[in-house]
Structures are given as C-alpha cells and as structure tokens.
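# Examination of the molecular architecture
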Amino acid sequence: MKKIYLMYPQKKGTIAPEIYGHFTEHIGGVIYDGIWVGKDSKIPNIKGFRKEIIEKLRAIKAPVIRWPGGCFAEIYDWRDGIGKDRPSRISWWGYKDGKTEPNEVGTHEFMDFCEEAGADAYFAANLTGVPPLHIRNWMDYCLSPKGSTTLAKEREKNGHPEPFKIPYWGVGNENWGGGGCMTPDFYANEFKRLSVVMSNVAQDVELYACGSNASDYGWTDGLMRNTLNSRDLMHGFAMHYYCGCAGDPVSFTNEEWSQLLLNAAHMEEIINRNWNIICGYGMESHAKLVIDEWGCWHPDGSGPSRGENLFEQQSTMRDAMVTALTLNIFNKHCDKIRMANVAQLVNNLHALFLARGEHCITTPTYHVFDMYKEHQGAESIVVTVTNNEDFESSVTVSASVKDNKTLITIGNLSCTKDSEIVLEAVGMDIPKTAEATLLYADDMHEHNTFESPENVIPVKIEVDISKPIIIPKTGILAIRF
Ligand code: AHR
C-alpha cells in the first residue's frame, strides 16, 4: 500500500493554464484534413475548421495554440497566407512526404481557429529564412491599432479591423537543428538581433528564445551566458523534449511499456538541470521554461492514414500514461514553467485527435487533458508518496487546489499490478467521499479507431477517500472534492 500525503500548507505556485497548451504545424495532416476542412466542406465546420475539434478544445479549456511550426516556421512567409490568390509553395516537409503548402490557412484563418476554440495564439517567428524587418511587418500587420499603419489598413481590408491578440511569440524554432544548425553563441546574437526589432513593435508580448534540445545543457549555458547583457528581451526559454518510442506504438511488451514511461519521466531531470543553469546565471525571471514540443515519437504508419500523413501515430493507454506522468511533472514544477505545448494536436505525434474526411475521434491522450483541466490556474501543492521507489510499480501523482476544490491526478505506472493507495491530508479536513474519473482499459494496448471511437473513454465514479483506493494497473484516476 502507498500513502499519498497532500501537503496543503506547502504550495508550489500557480499552475499557468498555458502549461496545458497545444501545437499545430503545417506538416502532414495536422492543418489540412486535420483542423481545416474548408468553408465549403460537407464536414461540419466553423469558418472552415472542424466543428468537432473546436468544440472539444473548448471542453478541455485549451489555453493556447502554437503555430505555424515547428520546422515549418523557419521557412514561413506570412505574406503567402494573406489575401486572395495565395501561392502554393514547397513545404518544409516536402522532402519527406512530397506535399506542397497551399497556404489556405494563414494568419486570419488561424486566428479564427483560436478564437473559436477559446485559445490564445502563440506564433513562431522565422529567424533563419527572412530578415528581422519581415517579422516586424508581420507584427505590425497583426498588432497595430485599427487604421494606424498601412499594414493595419491592409488587415482591415482583409476583414479584421481590430488588432489580433497574439500574446506569445517564439524567436525561431530549433535553431540548434532545422533552424540554422547554430551554435548557442551564434544563436544568442541572432536572438538579440531579431528580438530587439520585435520588442520594439510590441512591448506587451512575451518573446521566447529557442531553448535546448532536451538535455543539451551546453546550449542552455551558452545562451544564458550570451544574453545576460540584454536579458529584458527574453521572457521564456523554449525547450523541446520528445520521449521517443519503445517498441511498436500499439503492440508493445510489458518491458516496452515501462521503458517508454521511464523515458518520459526523464522530463523531470531535464527541467531541473536546465533550471539550475538558468538560475545560476540569475536569469530565472527571464527564462522560465516553455516546453513547446513534448510527447512520444513512434515510428510512422500506425495512424489511420497508414503513413500518408507524416508522423501520424496511433495512441494507446501507454501514450495516455505518458501524458498523465508528464502533466504531473509540469504541475509539480509549475514554479519553473511558463507554458508547454504537446506535439501535436491532430494526425501527428502524440495527438489528441485523429481525423480523416468525415471521421474525427479523440485519443486516450485527449481524455487525460480533460481529466486534468481543472489544474489550470490552480495552486499546486506538495505531494509525497510512501513506498514509491520502484519505478515499475510506482504511481505518478500531482494535486492542486482552486477555490477550495482539490484535484488529485494519479496514474498507476505498473502494467501488471493494481495499486492500493490511501490519501492523507495534511493541514486540511477532507470529505469522506469524492467524485472521480477513471481512464482504464482491460488491455493496455487499447486505443480508439474510426470504427470503435470509444474503446478507451473515462468513466465517472464515486470513491470513498477515507478508505484505501485501488487504482487498476495502467489506470489513471482523477479525484475531485
Ligand atoms: O513536431 C515535429 C517536429 O519536431 C517539429 O517541426 C520540430 O520542431 C521538431 O523537430
């Protein structure tokens, strides 16, 4: 048996809602036939975007969506996505899937999507493909007050007199790799060059520097060292960590179940070590972590398009557990994290949705976001668990309080044994019974398909929290009182 101590007096800080953020890149089937079906489509849509996805994003209170990439951002010309007669271009990802970019979805359309989904926009600016003036003009177009500049008037002519609300801007993407293969010293100078120009246009937006590729701490060190003299330009450190794969996405072994979760748990060390370097330079109020790509990266071909959509993968209970574990780590380290964006929303890596033509389903990962949504904006409290040292039979837990309501989210990482837990509240009286939601499948390989969209869905139960609670192997439980 494990005791879970809820240390109510020990608050870790507020969980920024943006930690529950999303990511949509112009890649594979994310935009076209993913979120976008077109205004004339027979598929129910709002302003050309799948109605089902919009409604379900609202249901999970999606706080923010990153766009247009990813790697794609580094070759994106915002002018291509404005006005009529849009050009077709070679996509960043064309070398892998042969697809071209039709630019049907541009700035106005993406902003419609965010508005309908109730989410803020996070734009990734192109650092390598265009000069700073180009990005300055994009910001002018998007953010200048009605009628104030030639570009604001052009925006009005294109149907949006008022400025768009785009509070978050990335300054490049993966500039250690696809974004220019730079050294941290070189990128730091490029970051300063572009962000000076960007911050001059808008003083009330957050600018995020390209952070490390996972545990490449040399990047973190180099970037911090070289940006100390202009620290006010930076409002976040946008790092990426993909926990990869272990075996087949769907038919994995018990060992591979545990291996992938162990890879995912490595996120905690990456957060801590990056944060230590950032604090070592006194940059903690400038370089809060923005983990703007995270998730599993399985081999292609397991999704419904059978490989046609680049990076599309099927998601089982194992991916749901990676989600539960990762979000619990984020909650626990909310004092260090400004934002996180799971990669990517639909028809891609670690997706919440799989869609094709008239079909659109949610993955088990979607349900975890739903079960965790009340953590957004809540105070994270310290949680300690006894008898939890053996990783393969451990539980992952986080807890938060908002308006006197507690949410505890627990995942049983064992794929062979149920876990018995007891809740011990410190510094607060808790009720005898509570509402709970359980996400569980008899078989950990279960997943949702177009034919069986509800193979894995959560069930609502009531639990007596004054007694030991059994969490089934591979099960995820959210308790609310
Ligand atoms: O999410 C897919 C790709 O992974 C993104 O474009 C890139 O930023 C990362 O390497």
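What this report covers is the structure whose coordinates are included nearby. (Residues numbered from 1 in each chain as written. Predicted model: local features only at pLDDT ≥ 70, side-chain atom pairs only at ≥ 80, totals over all residues. Heavy atoms only, no water.)

## Things to note about the overall build of the protein
Test applied: Helix numbering and strand numbering both begin at the N terminus, where a helix is a DSSP run of H or I of at least 4 residues and a strand a DSSP run of E of at least 2. Only protein chains enter the area calculation, which uses a 1.4 Å probe; residues under 20% of their type maximum are buried, those over 50% are exposed, and those in between are partly exposed. Between two residues, a contact is recorded if the distance between any of their heavy atoms is within 4.5 Å. With residues, only the protein chains shown are counted as cover, and all accessible areas are computed by Shrake-Rupley using a 1.4 Å probe. Under this rule, positive means Lys or Arg and negative means Asp or Glu; His and the chain ends count for nothing. Throughout, a charge is located at the NZ atom of Lys, the CZ atom of Arg, the CG atom of Asp or the CD atom of Glu.
Within the protein one finds 11 helices and 23 strands. Overall, the protein is about 65 × 55 × 40 Å in size when its C-alpha atoms are taken along their principal axes. In the protein, which comprises 481 residues, the share counted as buried stands at 60%. For the protein, contacts bridging at least 24 residues in sequence account for 75% of all contacts bridging at least 6. When the accessible surface of the protein is summed, it comes to about 17900 Å², and 49% of that surface belongs to carbon and sulfur atoms. The centroid of the 46 positive side-chain charges in the protein is displaced by 4 Å from the centroid of its 63 negative side-chain charges.

## Quick notes on the site of the ligand
Short version of the rule: Distances are taken per atom, and a residue is near a molecule or strand as soon as one of its heavy atoms is within 4 Å of it. Polar contact is the term for a pair of N or O atoms within 3.5 Å; when the atoms are in protein, one must be able to donate a hydrogen and the other to accept it, and sequence-neighboring residues count only if both atoms are side-chain atoms. As a working rule, the residues Ala, Val, Leu, Ile, Met, Phe, Trp, Tyr, Cys and Pro are called nonpolar, Asp, Glu, Lys and Arg charged, and the rest polar, with Gly in that last group.
Around the ligand, 13 residues are found, and the nearest of them are Glu25, Cys71, Glu174, Tyr242 and Glu293. One of the side-chain nitrogen or oxygen atoms of Asn173 is found 3.1 Å away from an oxygen atom of the ligand. Residue Gln344 places a side-chain N or O atom 2.9 Å away from an oxygen atom belonging to the ligand. Across the complex, the protein chains shield 94% of the 280 Å² of accessible surface that the ligand would expose by itself. The residue inventory of the shell around the ligand, partitioned by class, reads 6 nonpolar, 4 polar and 3 charged.

## What about the packing of helix α8 (residues 254–265) against helix α10 (residues 317–332)?
Short version of the rule: Between the N-to-C directions of two axes lies an angle of 0 to 180 degrees, each axis being a line fitted to C-alpha atoms and, for a helix, fitted only over the stretch in contact. Should an angle lie under 35 degrees it is considered roughly parallel, over 145 roughly antiparallel, and from 65 to 115 roughly perpendicular; all remaining angles are considered oblique. Left-handed describes a crossing whose near helix is turned anticlockwise from the far helix through less than a right angle; right-handed describes the clockwise counterpart.
Remark: α8 packs on α10, axes separated minimally by 9 Å, with the N-to-C direction vectors making an angle of 25°. By the angle class used here, α8 and α10 are roughly parallel. The two elements α8 and α10 cross, and the hand of that crossing is right-handed. Facing Glu256, Trp257, Leu260, Leu261, Ala264 and Ala265 of α8, the residues of α10 in contact are Met317, Arg318, Met321, Val322, Leu325, Thr326 and Ile329. Residues of the contact of α8 with α10, tallied by class, amount to 10 nonpolar, 1 polar and 2 charged.

## Here's the deal with the pattern of salt bridges
Put simply, the rule reads: For this analysis, a salt bridge means a side-chain nitrogen from Lys or Arg found within 4 Å of a carboxyl oxygen belonging to Asp or Glu.
Considering all chains together, one arrives at 24 salt bridges under this definition. Of the charged contacts, one joins Asp292 and Arg66 as a salt bridge, the two residues approaching to 3.4 Å between their closest N and O atoms. Remark: Arg66 occurs in strand β5 (residues 64–67) and Asp292 occurs in strand β12 (residues 289–296); sequence separation between them is 226 residues. Like Asp292, the residue Arg66 is buried in the burial classification. Among the ionic contacts, a cluster of salt bridges with common partners joins Glu18, Glu206 and Arg338.

## Some remarks on the sheet that holds strand β11 (residues 236–244)
The following threshold applies: Strand pairing is defined by DSSP finding a minimum of two bridges between the two strands.
Reading around the circumference, β2-β5-β8-β9-β10-β11-β12-β13 is the order of the 8 strands in this closed barrel, with parallel pairing throughout. Across this sheet, the average inter-strand angle for adjacent strands is 30°, counted without regard to direction. The sheet contact formed by strand β2 (residues 21–23) and strand β13 (residues 337–342) spans 2 bridges and is parallel. Bridge pairing in β13 links His22 to Val342. Across the sheet, helix α7 (residues 217–227) touches β10 (206–213) and β11, and the angle it forms with β10 is around 145°.

## What to know about the state of the cysteines
Rules: Throughout, disulfides are identified as pairs of cysteine sulfur atoms within 2.5 Å of each other.
On inspection of all chains with the given rule, the structure shows 0 disulfides. Note on Cys114: no disulfide assigned, nearest cysteine sulfur contributed by Cys142 at a separation of 11 Å. Given the relative accessible area of 1%, Cys114 is considered buried. Between Cys245, a free cysteine, and Cys296, which holds the nearest cysteine sulfur, the sulfur-to-sulfur gap is 8.9 Å.

## Some thoughts on empty space enclosed by the protein
Counted only if it meets this: Only protein atoms enter the 1 Å grid used here, on which a cavity is any set of points holding a 1.4 Å probe that cannot leave and a pocket is any open set flanked by protein within 12 Å on both sides along at least five of seven lines; residues with an atom within 4 Å of a point are listed as lining. Grid points are joined across faces, edges and corners, and a volume is the space filled by probe spheres set on the points.
Summed over all chains, the structure comprises 3 cavities of 30 Å³ or more. Here the largest cavity is characterised by a volume of approximately 50 Å³. Lining the largest cavity, in full, are Arg66, Tyr122, Ala124, Gly170, Gly172, Asn173, Glu174, Cys210, Ala238, His240 and Asp292. Contributions of two or more residues to the lining of the largest cavity are made by β8 (120–125) and β11. Across the lining of the largest cavity, the residue classes break down as 4 nonpolar, 4 polar and 3 charged.

## Observations regarding the pairing of β12
Under the convention used in this document: Throughout, right-handed denotes a crossover for which the path from the first strand over the helix to the second runs clockwise when the strands point away from the viewer.
Among the 8 residues in β12, 8 count as buried, and that is most of the element. Strand direction decides the pairing type here: β11 and β12, joined by 7 bridges, are parallel. Note that in β12 the partner of Tyr242 across the bridge is Gly295. With 4 bridges connecting them, β12 and β13 associate as parallel partners. Across the sheet, Trp294 pairs through a bridge with Val342, a residue of β13. At this point the chain moves from β12, through α10, to the parallel β13, and the crossover so formed is right-handed.

## Comments concerning the environment of Glu462
Following the sequence through the fold, Glu462 ends up in strand β21 (residues 459–464). Classification of Glu462 as exposed rests on a relative accessible area of 64%. Taking C-alpha positions, Glu462 is 5.7 Å from Ala436, a pair spaced 26 residues apart along the chain. Once residues within four sequence positions are removed from consideration, Glu462 is found in contact with Thr433 and Ala434.

## Let's talk about the side chain of Glu174
Residue position: Glu174 is located in the loop between β9 (168–171) and α6 (184–201). Although Glu174 is buried, it makes no salt bridge; Arg66 carries the closest opposite charge, 7.1 Å away. Reaching out from Glu174, the side chain makes a polar contact with the side chain of His240 at a distance of 2.5 Å. Ignoring sequence-local partners within four residues, the contact set of Glu174 consists of Cys71, Gly179, Cys210, His240 and Glu293.

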